[in-house]
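# Structural overview
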Amino acid sequence: MKINPINNSDINKFQIDLQKDGSDFERIIQQAIKDKDSKKLKEACQQLEATFIGLMLNEMIKTIPEDPLTGDSLANDVFTSMLYDKYAEILAQNGSFGLADQIYNQLSKKV
C-alpha cells in the first residue's frame with residue numbers, strides 16, 4: 001500500500017474550508033456570547049467539533065485503497081462522504097473527542 005504525503009495544495013484546501021466554515025462559527029459564537037445563551041454556544045462548539053472530525057474522517061478515507069467489488073463511483077463517494085459526516089456529528093454530540101467541551105469551557109467564561 002502506498003501512502004501519499006500531504007502536499008501544499010491539500011493544506012491550502014483544508015485552510016480554505018476551515019476559513020469558510022470558521023466565519024459562520026465565529027458569527028454564531030459571537031451572537032451566543034452577546035445573547036448570553038449558553039445552550040446556543042454549546043451547540044456551536046459541537047458543530048465546530050463535528051466539522052473538524054468530518055474533515056479528518058474524509059481525509060482518512062482517501063488513504064484506504066479502492067474496493068474492487070464496489071469500484072470507484074460517484075454514488076459510492078457521495079454515500080461514504082454523507083456516512084462519515086453523520087459519524088462526525090454523532091461523535092461530536094457524544095463528546096467522544098472532547099474538543100467541543102474544551103472550546104465551550106474557554107468561551108463560557110464570557111457568557
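Residues numbered from 1 in each chain as written. Predicted model: local features only at pLDDT ≥ 70, side-chain atom pairs only at ≥ 80, totals over all residues. Heavy atoms only, no water.

## A short note on the overall build of the protein chain
- Broken down by element type, the protein chain carries four helices and zero strands.
- Counting from the amino terminus, helix and strand elements in the protein chain follow one another as α-α-α-α.
- Relative to its full complement of 111 residues, the protein chain shows a buried share of 22%.
- Taking the contacts inside the protein chain whose residues are at least 6 apart along the sequence as the reference set, 77% of them involve residues at least 24 apart. (Helix = DSSP H or I, 4+ residues; strand = E, 2+ residues; numbered from the N terminus. Buried < 20%, exposed > 50% of the residue type's maximum accessible area, 1.4 Å probe, protein only. Contact = heavy atoms within 4.5 Å.)

## Here we look at the environment of I33
- With respect to the helices and strands, the residue I33 is situated in helix α1 (residues 8–35).
- When the C-alpha atoms of I33 and S108 are compared, they prove to be 7.9 Å apart, with 75 residues separating the residues in sequence.

## Some points on a negative patch on the surface
- Taken together, the side chains of E66, D67, D72 and D77 make up a negatively charged region of the molecular surface.
- Note on placement: D77 falls in helix α3 (residues 74–94).
- Looking at D77, the relative accessible area reads 41%, which means it is partly exposed. (Patch = residues over 30% accessible without salt bridge, like charges linked within 9 Å, V, L, I, M, F, W, Y side chains within 5 Å. Areas by Shrake-Rupley, 256 points an atom, 1.4 Å probe, with all protein chains shown as cover. Salt bridge = Lys/Arg side-chain N within 4 Å of Asp/Glu carboxyl O. Lys, Arg positive; Asp, Glu negative; His and termini not counted. Charge placed at Lys NZ, Arg CZ, Asp CG, Glu CD.)

## Things to note about the nonpolar core
- In this structure, I29, A32, I33, L41, A44, C45, A100, I103, Y104 and L107 together form the largest nonpolar core, which totals 10 residues.
- Elements supplying a minimum of two residues to this core: α1, α2 (38–61) and α4 (99–107).
- Broken down by element, this core gets its largest block of residues, four residues, from α4.
- If we ignore the near neighbours within four places in the chain, the residues touching C45 are A100, I103, Y104 and L107. (Core = buried A, V, L, I, M, F, W, Y, C linked by side-chain atoms within 4.5 Å.)

## A closer look at the packing of α2 against α3
- Following both chains from N to C, one finds α2 and α3 inclined at 140°, their axes separated by 8 Å at the closest point. By the angle between their axes, α2 is oblique relative to α3. As for the relative orientation of α2 and α3, their crossing is right-handed in sense. In this structure, α2 uses Q46, E49, A50, I53, G54, L57, N58 and I61 to contact α3, whose residues at the interface are T80, S81, Y84, D85, Y87, A88, E89, L91, A92 and Q93.
- Partitioning the contact of α2 with α3 into residue classes produces nine nonpolar, six polar and three charged. (Axes fitted to C-alpha atoms, helices over the stretch in contact; angles between N-to-C directions. Parallel < 35°, antiparallel > 145°, perpendicular 65-115°, else oblique. Left-handed = near helix turned anticlockwise from the far one by under 90°. Nonpolar A, V, L, I, M, F, W, Y, C, P; charged D, E, K, R; others polar.)

## Description of the pattern of salt bridges
- With the rule as written, the count across this model stands at four salt bridges.
- Put simply, D35 and K40 hold a salt bridge, and the shortest N to O gap is 4.0 Å.
- Of the charged contacts, one joins K62 and E59 as a salt bridge, the two residues approaching to 3.1 Å between their closest N and O atoms.

## Some details on unusual backbone geometry
- Positive phi, close to 55°, is recorded for K36, a residue that is not glycine.
- Mapped onto the fold, K36 is located in the loop between α1 and α2.

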